[in-house]
Structure formats: structure tokens, C-alpha cells
Amino acid sequence: MSKSERPSRLFRNLNAKVASIPMILTALVVFVGGTAWTVLYSFTNSKLLPRLNFVGLDQYYRLWATPRWLISIENLLIYGVISLVFSLVIGFILAALLDQKIRFEDTFRTIFLYPFALSFIVTGLVWQWLLNPDFGIQGVIRKLGWTSFAFDPLYNSSIVIYGISIAALWQGTGLIMCLMLAGLRGIDEDIWKAARVDGIPMWKTYLFIIIPMMRPVFITTLVIIASGIVKVYDLVVAQTSGGPGIASEVPAKYVYDYMFFAQNLGQGFAASTMMLLSVMIVIVPWAYLEFGGRKRV
Amino acid sequence: MSDQAVSLSAPSGAGHADASGPSGPKPRHIFSRRNIFLYGTLIVAALYYLLPLYVMIVTSLKGMPEIRLGNIFSPPLEITFEPWVKAWSTACTGLNCDGLSRGFWNSVRITVPSVILSIAIASVNGYALANWRFKGADTFFIILIVGAFIPYQVMIYPIVIILREIGLYGSLSGLVVVHSIFGMPILTLLFRNYFTSMPEELFRAARVDGAGFWGIYLRIMLPMSLPIFVVAVILQVTGIWNDFLFGVVYTRPDTYPMTVQLNNIVNSVQGVKEYNVNMAATILTGLVPLVIYFISGRLFVRGIAAGAVKG
Amino acid sequence: MAEIANPSVSIQNLSLNYGAVSVLQTLNLDIAEGEFIVLLGPSGCGKSTLLNCIAGLLDISKGRIFIKGKNVTWEEPKDRGIGMVFQSYALYPQMTVEKNLSFGLRVAGLPKDEIAKRIARAAEILQIEPLLQRKPSALSGGQRQRVAIGRALVRDVDVFLFDEPLSNLDAKLRSELRVEIKLLHRRLQNTMIYVTHDQIEAMTLADRIAVMKGGVIQQLDAPQTIYNRPVNRFVAGFLGSPAMNFIEGQLEAGDAAAFTADGVSIPLDRYEFDKDRGSAGKPCVFGIRPEHVAFGDAAKAMPFTAESAVEIVEPMGSDTLVWTKLGGRNFSFRVEAEKTLRTGDPIRIGFDPARASLFDTPSGNRL
């Protein structure tokens, strides 16, 4: 019979398993473990230090009764809708324009994308300066003679979130444009030829043929934008620090402040669990569509 | 003899020989309505995207009196580099008055090891996932990818506890670990997809040749995957340099990375606002990723596309 | 079939399943020392899978594999005494030809002079000495495949495995390298297992062919036997180009056995039945290769003749394929290229049923 021993299951591919330890630890300890830990402690009344003193849903009741949280959620919704709609529309239009076999395509693309290389902090500070009511756009136009001109989104509680959105769009649309451009380039050249032979106007070709064909690109882009929206934090910190007052607060900042300044960990955990929940609402259907429907190869 | 051919292509009614019908290349107008619309829109959009960069630069080169009197769009009358010097070496954050240079060097000391460590781990992970599938490997990978979408806020505090337990909380090494952890999903995906796209037969040939896990990785796969490593480096340097949240959570004031320090300088409530110094500091902070962006060009695009689109 | 006394490669009851999907089913195969075996079949038949199992690149579910009398079922590929040539060549792109050839030897830690000696020998055999310092990207397809063969050669092994090595080459190079592989086998006298879907490669190279389908070896025999006496309808149809003619009908038993279909009756007294003769009325398929059909005057001498009319003429260059109808079915035969036939011409065809094959319709097995 055979001299060679069949290695035990555990030790087969041993090197691959050893090499995967960081990945396994990250997946289990940090991602699964960390998330479960936070969710668990969101049911406690932890203050300065995490304590397993369960109080049921108290933290959540308190959370949804806190005006600052409600404003955060409202801001997130406005910011989210603006980001989604405008970055998709602007990103797609820019991509479609760049896809017209134009000259200097690389130059234009470089210009549209460079803000994406900058951090949210830098973006926020630049736009804080541009929107400065005394020296920024409003100041310049007033100096030109139109003294009643008002454009001070960062100092006006009712529109501050739109001011933040402008900066976010400036930073992020380049990425969306790139993704859309890649999608457009992935479309069979013959489709365009066929549409041209059939005499279909260009805008109709885009609307009824190209965009439906780009459905997967749109879905992916949507998921990317959506997961970025929930995380918005640095931009607000840099641009307004949540002000004026609490007018531009967002959930991520709420979590951070309650965890590290207000010494109210339980509130922070409950708020972050709500963030997790909202992400799951977006991700789970997408993951189901993307991976659930078909067998993995 | 060519009459027939001409009358066929000429519009109806031109029954006789007609030499004035369309012939040769179709004329193109540079200033056609289409081109004016196309390039007009693109140029306006480009100006909008360039405006903040321009304003940053001109503001940083002006003196404070000029800023107070002038307008932010006008070029500087008198160019001064003093704001840059001040931003770099004497601007104050809290008690420290040694400028952004401290944050810059902190960021360097964070970014370099983080990039190396995260790429080393992720490339080996991706290689193991692509070529040495073991039972359960895909499960961990899916957890990893799903984990990439979990808001960081959910995991921040547990990581504080873990770092405190292993004595790395507040240190630069702790932040390096954090960056390696959160860089793992996207980089692992990137490398896994790259290694999967390499011909399977190459891997088999190397196994028949007797090379093992590390042998194949180091001698076959690594030399073949330089481009993807460049993409990963671009992705990571930009991402880690620009990070704010982890910096502010896991470091102390004297180990703050550049972004955190920048925010503290600009948004500090004490003293007179020096907009020119602020803008100089802002440019300085954005300089590293910008330089990488302009040098790497297409690779940067490939990097973010690879990072953004799942494979 | 004679038992092989000391098989070079022996596969015993090998099965491979992916979950519920069975890829290879209880396979048995003994390969003699120095034999050239071709695994032939359509894509997805499991032939490459079987080769990868022999190489140790895939873990099997059941069974055992012996190479040179040693059980290698759980051995690493490198320890099995095999060399392998891949369809895509699988040359390491960043290494020169010489480094490609020596990689396995360097991994195994062989002394330098031994490596040099082996490379020199392989390069001489394959005539790739001038290419040694080049990178694979600077080689043509044929040269790359030679280097790939060289990589197997330097390992100095008993068994060579070829996984569709010529599929990526153009037709002319393919036939050249085919001859070279044959010469190589004659010179080295190694055991070679060669996977292909190309029946010409199989027919020209093999000592024995294993025709596979659905993870099962359908027939294992010398090329001529497989060609002339296919064991079932699948093998009959898979080998031969243009393909064998099939007529569906039934068996008329009795002393004067005959095959009848749609007004045609073919006497089977000269046909060599396999084992069971079948019963009267049994539905079966009659198959005859186009080149075994005679035409015109030559047809008159045949035990079976029929009158028909030309439907389509396909000139192939060396000869011409003529399509007609027999027993209500399309029926093709070859004539010399010089014959000028037109659609509608009345013709006489004939053949000797001894050269035909008869298959049971439900099972497809040879009768």
C-alpha cells in the first residue's frame, strides 16, 4: 500500500491558511466581533466606560427624542438625495461629453477628477473659504455693486446642508464620471452604428438604449455613492463643525461626539447601530441581487 | 460613362450629368453648433472644477491686508511666500507652535508603514484566495467585503479597546494597524481579481515544477504583478494620507496626522484668522495626493476604478 | 484486451465529484511503459480533468493513482515523476527561456552543472539553443510550445502529460509540431499521455486512444480499431471527418439477417455481429463511413447497391463529397476530385456491409 500519509484536513494548504490569518482575524474579530459588540452595548447605559448594564431600548428612545439626532437624520437625507441625483446626473453628462471622441480628453478628465485626490478636510476648508460671506463669492459680488446679493450657505441654518453638498459634489463627481465613462466605453461600438443607421437621435439613443444597458454600472455606482453618504463626517467637521448651532450635524459626527466628548457611550453605540441599519437597507438587497441570484463560479 | 454613377448619387431631379454634387470628404466645421456646445460645456465645467484650486493658490500668495481689501479671485499684487513658511513651521495648534511640519512627518511615519503592511497582507490574501482556495476561505472573504460597507463608526470603539489591550492606543503603530485592517477589503479584492485573471496554467506549471505557496508567490506571481502593486500603492497612499477619522480617534495631539492638524489650525477659534496661512496649509496638506495624482495619471484612474467596481 | 503487466501509469476506480456533480466516474486505465496514450473527446468530457488528476493538480474523490508502481494518490505534483505541457504554454513571462527551463530544477536544489547539462540536452533535442536567452514574449507560438515541452523534458521524468498542447497554434504549425512530438516520443521512449479534441492528432500520434464522454472512457483501443469498429454510436460519430452516415431502421432477423429502413434493405450476412444478434424488429442504426461507399461501376461489385440522385456536391480539393439520400436520410460519400457530378444526376452507389457498423438504437451500443 501507500507509504505517503494522507495529511489531515486541517494541515492541507497550511501555508495558505497561515497567510490568511490576518484576513480571518480582521473578518471575525474586527468586522463581525466589533459590530456585534457595538450592537450589544447599544442596549446598555454605558457612560464613560462600556458596562453591561442592560436597559433595553432606552438608548434608542432617547436617541429618537434628541433634536440633534433628528436634525442629523434630516441633513443626511437631504445630503443623500442631492449627492445621489446630482452626482449621477452630472457624472453621466460629463462622461457622455467626454465620450464624444473629443480632443484633450485626458486634460478634461484630469481636471474633473483631481478633487477626488484631495481629502474631505482640504475640500471642506477650500469651500469654507470660497463661501466665506465677507471675502468669498458673496463678498465679491457685493463689491461689484449688487449689495443685496446673499449667498452664505455656511452661515444660514436653513441651507447649510446645501452648502456642504456643493463641496461634496465638487469632490466626488469626478469619480462617478470615471465609472460612467468606463461603462460607456464598455458598450459595443456596433450599438452606436446600428442606432445611427436606424436614424435614432443621439439623446434618444442614450436615454432608451445606452442607459438601460448600463444598469449594472449604475447599480454599482449607486452603492458606492450610498455607502459614502452615510460615512460623511470629515467634510462637515472641516466646513462648519456642525454649525451654525447644530444645523449641519450628521449621524457620523453625532456618534463620534457622544463617544469621545459627551462620554455617553451608550448613545454613541445606539446611533452607530442605526447607521449600520440604514446601510444594511441599501446593501442587503444589492448583495442579494448581485450574489444571491447566480451561483458562484 | 460616369453619368450614370453621378445621377445615382445626386438628389432626385438632377437627371443630367452634374459635376457639382457632393464629392470627396464631407466638409467639417470646427465651429459647428455641436462643437460649440460640446467644448463650451466642458470648458465651463473645467473652470468650475479648477476655481477652488486657483483661489487656494492665489490666496496663499497674498498678504492679509490685500485679502481684506481685494477679492478672492484677483491674482496677488504682491507675491509673498511668508504664509507658506508660517504654515509649515510656526502655525499653532493648541500648545504646539511648530507648524504643519509636525503633522507632515507624522503622516509620513503613518503612511509609509501602513502602505507597506496593508499591501503585503492583502496581496498574500488575494493570492491565497485566487490560487489556494481552502474550505471556508470564501466565507471570510465575503465577510471582509461586506465589512467594507459597515460604517466605521460601528467598529471604532471596539478597536479602541483592542488597541488599548495590546498597548498601541494613541501610538502611530496603532494607527498603522487600523489602516491595514480597513485597507484590507478593497486591496484583497483588487489582488484577488488580479491573480484570478492570470492564467491558471501558469500556477499549475509552477506546481509541477515543485514550487510551493511562498515560492510561487515570490518567484512567479510578484514579478508579474508590478502594475497592480503600483495601483495599490496609489490607492493606499492617497487614502491613508487623506484620512481624518482614524487619525483623530486613534492618535494624540503630538502624533496627529497632517489632516487633523490642518483642521485644528484652520478651525481654531483663538486668535485672528489668517486666511493666507490657512490656504497655504491646506495646499500643503493636499500636495502629496495631488502630486501622486498628476504623476500617476491613468494608473490613478485604474486604481479608483478597480477599487470602486467590484470584480 | 491483454492485461498490462507492469503499467507505467495505473488508474484504479478513480472518481471525482464537485458536490453532486460527478466529473469522472469510477475510471480504470492502465498505461504501458513507453506507450503513447491519447485522451480524446469533446469539450467537457473530463479528459483534461483526468490529466490534472494524474498530475496531482486536482484532488480526487475516490480511487488510486499509481505511477511506476508507486501509489502517488496523495503526492504533490513535483513528487510524481511527471512533466506537463500546457495548452497556453504557461511559460513564466518574466524569466528567460533558460530560466524557465531551469526553474523546477533550481527549486529542487539541483547542482549547477547538472542543471546546465540537462538544459543543454533539452535545447539540443528541441533545437532551441539560439532562444535560451530570450523572454517568452519574444518567441513565436511554435517556439513557445517547444520551450514548454523542454520544461517537461529537463525534469527527466518517466511520464509526460500533454494538455491540448497544439490547440493554440495555426494549422500548419500544428501539423509540424505533431510530427515533432511523434519523433520525440520515438527518441525518448517515455510514457506519454496526451489530451486533445482533435481526432487527427489522436489518430496520428496514439498507440492507443481513450475516447471519453461524460467522465467515462467509452472505448480504449488502437486508433484503427476505434475507427473501424467503434463500440457505440457516440464513438462512431465522434471520429471521422466527414462523419459516418447513419440510417435509422430495424433488424430483420432469421437466417438472412438484414437491415431495413424506409424502402431499403441491406443484407447483413457479411456483417460481423459483436455478441448479441438482436431480435427481429429491433430498432437499430446502420452506420457506414463515406469513404467505404463505392460509386458508379465500382458499386456494381458490392454486396449492396442502390440507385439514387445527386443532391449536393462539395469539392474538397483532394476529393469531392457527394450528398444523396438513402433510406430517407442524407447520405454522403467520397469520389475522386476529377469526377464531375451535378445536382440531379442519377447515380448508383454500393458498399460492403462488412465494413459497416450496426448500433442498438436505445443503448447506442454496437451489435
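Everything numeric in this text was worked out from a predicted model, so none of it was measured. (Residues numbered from 1 in each chain as written. Chains lettered and ligands numbered in written order. Predicted model: local features only at pLDDT ≥ 70, side-chain atom pairs only at ≥ 80, totals over all residues.)

J.: Can you tell me about the overall build of chain B, naming the residues and giving the values?
T.: From N to C terminus, chain B includes 15 helices and zero strands. For chain B, the C-alpha radius of gyration of 29 Å lies well beyond 19 Å, the compact-globule estimate for 311 residues. The 311 residues of chain B split such that 45% are buried. When contacts within chain B are restricted to residue pairs at least 6 apart in sequence, long-range pairs at least 24 apart make up 71% of them. (Helix = DSSP H or I, 4+ residues; strand = E, 2+ residues; numbered from the N terminus. Rg over C-alpha atoms; globule rule 2.2 N^0.38 Å. Buried ≥ 20, exposed ≤ 12 C-beta atoms within 10 Å, placed from the backbone. Contact = placed C-beta atoms within 7 Å.)

J.: I'd like to hear about the overall build of chain A, residue by residue, with values.
T.: Per the secondary structure count, chain A includes 14 helices and zero strands. For 297 residues, the compact-globule estimate of 2.2 N^0.38 gives 19 Å, and the C-alpha radius of gyration of chain A, at 25 Å, exceeds that figure by more than 25%. The C-alpha extent of chain A, read off along each of the three principal axes, is 90 × 60 × 30 Å. In chain A, which comprises 297 residues, the share counted as buried stands at 41%. Across chain A, every contact between residues at least 6 apart in sequence was considered, and the portion connecting residues at least 24 apart equals 68%.

J.: Any chance you could break down the domain arrangement of chain A for me, citing the residues and the numbers?
T.: All names here are of chain A. According to the domain assignment, chain A contains domain 1 (1-41) and domain 2 (59-296). Taking only C-alpha atoms, the centre of domain 1 and the centre of domain 2 are 37 Å apart. With four residues of domain 1 at the contact, the number on the domain 2 side is five residues. The class makeup of the residues in the side of domain 1 that touches domain 2 is two nonpolar, two polar and no charged. (Domains from an automatic or database assignment. Nonpolar A, V, L, I, M, F, W, Y, C, P; charged D, E, K, R; others polar.)

J.: Can you lay out the packing of helix α2 (residues 97-107) of chain C against helix α4 (residues 141-154) of chain C for me, pointing to particular residues and giving the numbers?
T.: Residue and element names in this part refer to chain C. Viewed as axis vectors pointing N to C, α2 and α4 meet at an angle of 30 degrees, and their least axial separation amounts to 9 Å. By the angle class used here, α2 and α4 are roughly parallel. The way α2 lies across α4 gives a crossing that is right-handed. Mapping the contact onto sequence places Val97, Asn100, Leu101 and Leu105 in α2 and Val147, Gly150, Arg151 and Val154 in α4. Tallied by class, the residues present in the contact of α2 with α4 amount to five nonpolar, two polar and one charged. (Axes fitted to C-alpha atoms, helices over the stretch in contact; angles between N-to-C directions. Parallel < 35°, antiparallel > 145°, perpendicular 65-115°, else oblique. Left-handed = near helix turned anticlockwise from the far one by under 90°.)

J.: Could you give an account of the UniProt feature "transmembrane region" (unreviewed entry) in chain A, naming the residues involved and the relevant values?
T.: Residues and elements named next belong to chain A. Here the UniProt-annotated "transmembrane region" (unreviewed entry) positions come out as residues 21-43, 76-98, 110-130, 159-184, 205-230 and 269-289. Taken end to end, residues 21-43 has its terminal C-alpha atoms 32 Å apart, with 91% of it in helix and 0% in strand. The annotated region residues 110-130 carries 90% helix and 0% strand content, and the separation between its end C-alpha atoms amounts to 22 Å. (UniProt positions renumbered as here; feature names shortened; annotations may be inferred.)

J.: Can you explain the sheet that holds strand β20 (residues 346-351) of chain C? Please cite residues and give values.
T.: Residue and element names in this part refer to chain C. Taken in spatial order, the three strands of this open sheet run β15-β20-β16, and their pairing is antiparallel. The strands lining the two open edges of the sheet, one partner per strand, are β15 (293-295) and β16 (304-309). Across the sheet, the mean angle from the axis of one strand to that of its neighbour is 30 degrees, orientation sign disregarded. Across six bridges, β16 lies against β20 in antiparallel orientation. The residue of β20 that forms the bridge with threonine 305 is glycine 350. (Pairing = 2+ DSSP bridges.)

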